[in-house]
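Inside the fold
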Amino acid sequence: MQHIYFDQASSSFPKAEGVSDAIKHFLDQGAFNINRGSYEAAYEISQLVLETRELLADLFHFAPVKNVIFTPGVTYSLNFLIKGLFHTGDHLICSSMEHNAVMRPLTQTAKLGVRFDAALCRPDGSLDPQRIEDLIQPQTKAVILTAASNVCGSFLPLAEIGRICRQHQLWFILDSAQMAGTFPLDMQALQIDALAFPGHKGLLGPQGIGGMLISEEIAQLAEPLISGGTGSASHLEEMPALLPDRFEAGTLNLPGIIGLRAALQYLAKQPAAAIAAKELALTAAFLRGAADLPQVRIIGLPGCAKRAPVVSLDFCGDDNARIAYQLESDFGIMTRVGLHCAPRAHQTLGTFPQGTVRFSFGQQNTEDEVNFCLAALKKILRRQPCSSSKGDSHAL
């Protein structure tokens, strides 16, 4: 059976050209540690890590490079920021479209006296910036926001919220999971103080590597959640003040960083906006076809304006899990069904508790795959026995 991967919002596949070769070369030819060994091979790897930081700084229009911090992923980065930066009595604002990578740390810190409010988004996942401003209190310290919904793809108004944050002297912290690598994110233009990113989604790198780019003020005020050896200032029993060491205790995921470097080099060679244009073209084709499916509700904004390449469908009167199961078992189409680690978003969209079937597209997907998926859905919804899709993907 042929396999079609439409779960790119979870993790990209296939990875960028050169990623696996770079990781293999590192592991085979010199998996040495950095900041520890005083020998040339270790220094060479340190240079590769620095180059990866520079590529990330260039991608997100950020400086200085030393404030690019590596973590195991976007969830860790958000935890470091939320739990390391805020204290009892502080007030934070998020949106009702947030992933649990934001909501669960906020809920944990709420037990310690850090209050938060979630600005209610519209039923299509979009957000009126005024709802953020209406929630600002004297104790408000920051707005923490997803760039785009992982459920329905709707963009949130980053530029407007960045201006609100500056006007009220609030930090603007961004979860870039569904935009980084696919759409431009200019931290300076958007007035973002901290950006958390995953390496394995739109950046096309391996799982287990991500990070955050943080302003100098945040870098100085945030308390490191993890402490330990850094290979620097080893005479101290406290974490060093210098960056990035202050937030990078222990051995870094060097294979992940080397793989991410290869992915970033690949992305840097792509024409501007080409990746987004292709993925949105696939999204548009899928939306057009889905509009003709019986008893199917398309969640989120109509069309592709202000939308990431993510589409959620609710199969009214049917079991969404059954639809997803048949897509995979009978047609080899991999999607994601359920609440997508974002229950508050589903409540906003009117898809709680049943969730949705989510289809998300990447640059290696094709229009033929989209058409094949739409034909498979039509067949499933007609309640016809599902036959195996061996051979040609145009069998339907």
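Residues numbered from 1 in each chain as written. Predicted model: local features only at pLDDT ≥ 70, side-chain atom pairs only at ≥ 80, totals over all residues. Heavy atoms only, no water.

With that settled, consider the confidence of the model for the chain. Mean pLDDT for the chain: 94, with 96% of residues reaching 70 or above. Averaged over each element, pLDDT in the chain is lowest for helix H2 (residues 40–59) (95) and highest for strand E6 (residues 171–175) (99). Low confidence marks residues 384–396, where pLDDT is under 50. Its contacts with residues over four positions away, or in another chain, come to 27 contacts. (pLDDT = per-residue confidence, 0-100. Helix = DSSP H or I, 4+ residues; strand = E, 2+ residues; numbered from the N terminus. Contact = heavy atoms within 4.5 Å.)

With that settled, consider the packing of aromatic side chains. If you walk through the whole model with that rule in mind, you get ten aromatic pairs. Where phenylalanine 6 meets phenylalanine 361, the ring centres are 4.9 Å apart and the plane angle is 75°; that geometry is what we call edge-to-face. Remark: phenylalanine 361 occurs in the loop between strand E13 (356–360) and helix H13 (367–381) and phenylalanine 6 occurs in the loop between strand E1 (4–5) and helix H1 (19–29); sequence separation between them is 355 residues. As far as burial versus exposure is concerned, phenylalanine 6 and phenylalanine 361 are alike and both buried. Counting every residue linked through ring pairs, the aromatic cluster contains Phe6, Phe286, Phe359 and Phe361. (Phe/Tyr/Trp six-rings, centres within 6.5 Å; stacked < 30°, edge-to-face > 60°. Buried < 20%, exposed > 50% of the residue type's maximum accessible area, 1.4 Å probe, protein only.)

Where H2 contacts helix H9 (residues 254–268), the axes come no closer than 9 Å and their chain directions differ by 50°. With respect to their mutual orientation, H2 and H9 come out oblique. When the axes of H2 and H9 are compared, the crossing they make is left-handed. Touching Ile45, Leu48, Val49, Glu51, Thr52, Leu55, Leu56 and Leu59 of H2 are Leu254, Ile257, Ile258, Leu260, Arg261, Leu264 and Gln265, all from H9. Residue composition of the contact of H2 with H9, by class: eleven nonpolar, two polar and two charged. (Axes fitted to C-alpha atoms, helices over the stretch in contact; angles between N-to-C directions. Parallel < 35°, antiparallel > 145°, perpendicular 65-115°, else oblique. Left-handed = near helix turned anticlockwise from the far one by under 90°. Nonpolar A, V, L, I, M, F, W, Y, C, P; charged D, E, K, R; others polar.)

Quick look at empty space enclosed by the protein now. Over the atoms, a rolling probe the size of a water molecule traces out where space has been left empty. This structure, assessed with the given rule, holds two cavities of 30 Å³ or more. Gln8, Thr182, Gly202, Glu279 and Phe361 are, among the 25 residues lining the largest cavity, the residues nearest its centre. Here the residues of the lining of the largest cavity are counted per class, giving 13 nonpolar, ten polar and two charged. Roughly 30 Å³ of volume is contained in the second largest cavity. If you go around the second largest cavity, the residues you meet are Phe80, Pro224, Leu225, Ile226, Arg246 and Phe247. (1 Å grid on protein atoms, 1.4 Å probe; cavity = no way out; pocket = protein on both sides within 12 Å on 5 of 7 lines; lining within 4 Å. Points joined across faces, edges and corners; volume = space filled by probe spheres on them.)

Once that is clear, we can look at the sheet that holds E13. The four strands are arranged E9-E10-E13-E12 in an open sheet whose pairing can be described as antiparallel. Each edge of the sheet is formed by a strand with only one pairing partner; in this case those strands are strand E9 (296–299) and strand E12 (336–338). Within the sheet, the average angular offset between the axes of one strand and its neighbour, ignoring direction, is 30°. Pairing geometry for strand E10 (residues 310–315) and E13, over four bridges, is antiparallel. Bridge pairing in E13 places serine 312 opposite arginine 358. On the sheet, helix H10 (residues 274–290) packs against E9, E10 and E13 and is oriented at approximately 15° with respect to E10. Its contacts with the sheet put helix H11 (residues 320–331) on E10, E12 and E13, and the angle it makes with E13 is roughly 40°. (Pairing = 2+ DSSP bridges.)

Our next topic: the nonpolar core. In this structure, Leu56, Phe60, Leu145, Leu158 and Leu195 are the most contacted members of the largest nonpolar core, which totals 65 residues. Per-element tally for this core: the top contributor is H9, with nine residues. Setting aside residues no more than four positions away along its own chain, leucine 145 makes contact with Cys94, Ser95, Glu98, Leu127, Ile132, Leu156, Leu158, Ile161, Phe172, Ile173, Leu174 and Asp175. (Core = buried A, V, L, I, M, F, W, Y, C linked by side-chain atoms within 4.5 Å.)

Turning to the layout of surface pockets, a few remarks are in order. Approximately 470 Å³ is the volume found for the largest pocket. Those elements giving two or more residues to the lining of the largest pocket turn out to be H2, H9 and H10. Across the lining of the largest pocket, the residue classes tally to 15 nonpolar, four polar and one charged.

Moving on to the environment of aspartate 58. Structurally, the position occupied by aspartate 58 is in helix H2. We classify aspartate 58 as exposed; its relative accessible area is 56%. Sequence-wise, aspartate 58 and glutamine 363 are 305 residues apart; in three dimensions their C-alpha atoms are separated by 22 Å.

What follows is about the pattern of salt bridges. Close approach of charged atoms lets side chains of opposite charge pair. Taken as a whole and judged by the stated rule, the model has eight salt bridges. Notably, a salt bridge pairs lysine 66 with glutamate 216, separated by 3.0 Å at the nearest N-O pair. A residue pair is termed long-range when its members are at least 10 positions apart, and lysine 66 in the loop between H2 and strand E2 (68–71) and glutamate 216 in helix H8 (residues 216–221) qualify at 150 residues. Using a relative accessible area of 36% as the deciding quantity, one classes glutamate 216 as partly exposed. Close ionic contact of aspartate 314 with arginine 297 constitutes a salt bridge, the shortest N to O distance being 3.5 Å. With a gap of 17 residues between them, aspartate 314 in strand E10 and arginine 297 in strand E9 connect regions that are remote in the sequence. (Salt bridge = Lys/Arg side-chain N within 4 Å of Asp/Glu carboxyl O.)

Attention now goes to the sheet that holds strand E7 (residues 194–198). If you trace the seven strands from one edge of the open sheet to the other, you get E2-E8-E7-E6-E5-E3-E4, paired in mixed fashion. Since the sheet does not close on itself, it has two edges, and those belong to E2 and strand E4 (115–119), each with one partner. Sheet twist, expressed as the mean angle between neighbouring strand axes with direction ignored, is 20°. Relative to strand E8 (residues 210–214), E7 runs antiparallel, the two sharing five bridges. Paired with proline 198 across the bridge in E8 is glycine 210. Across the face of the sheet, H2 comes into contact with E2, E7 and E8 while running at roughly 115° to E2.

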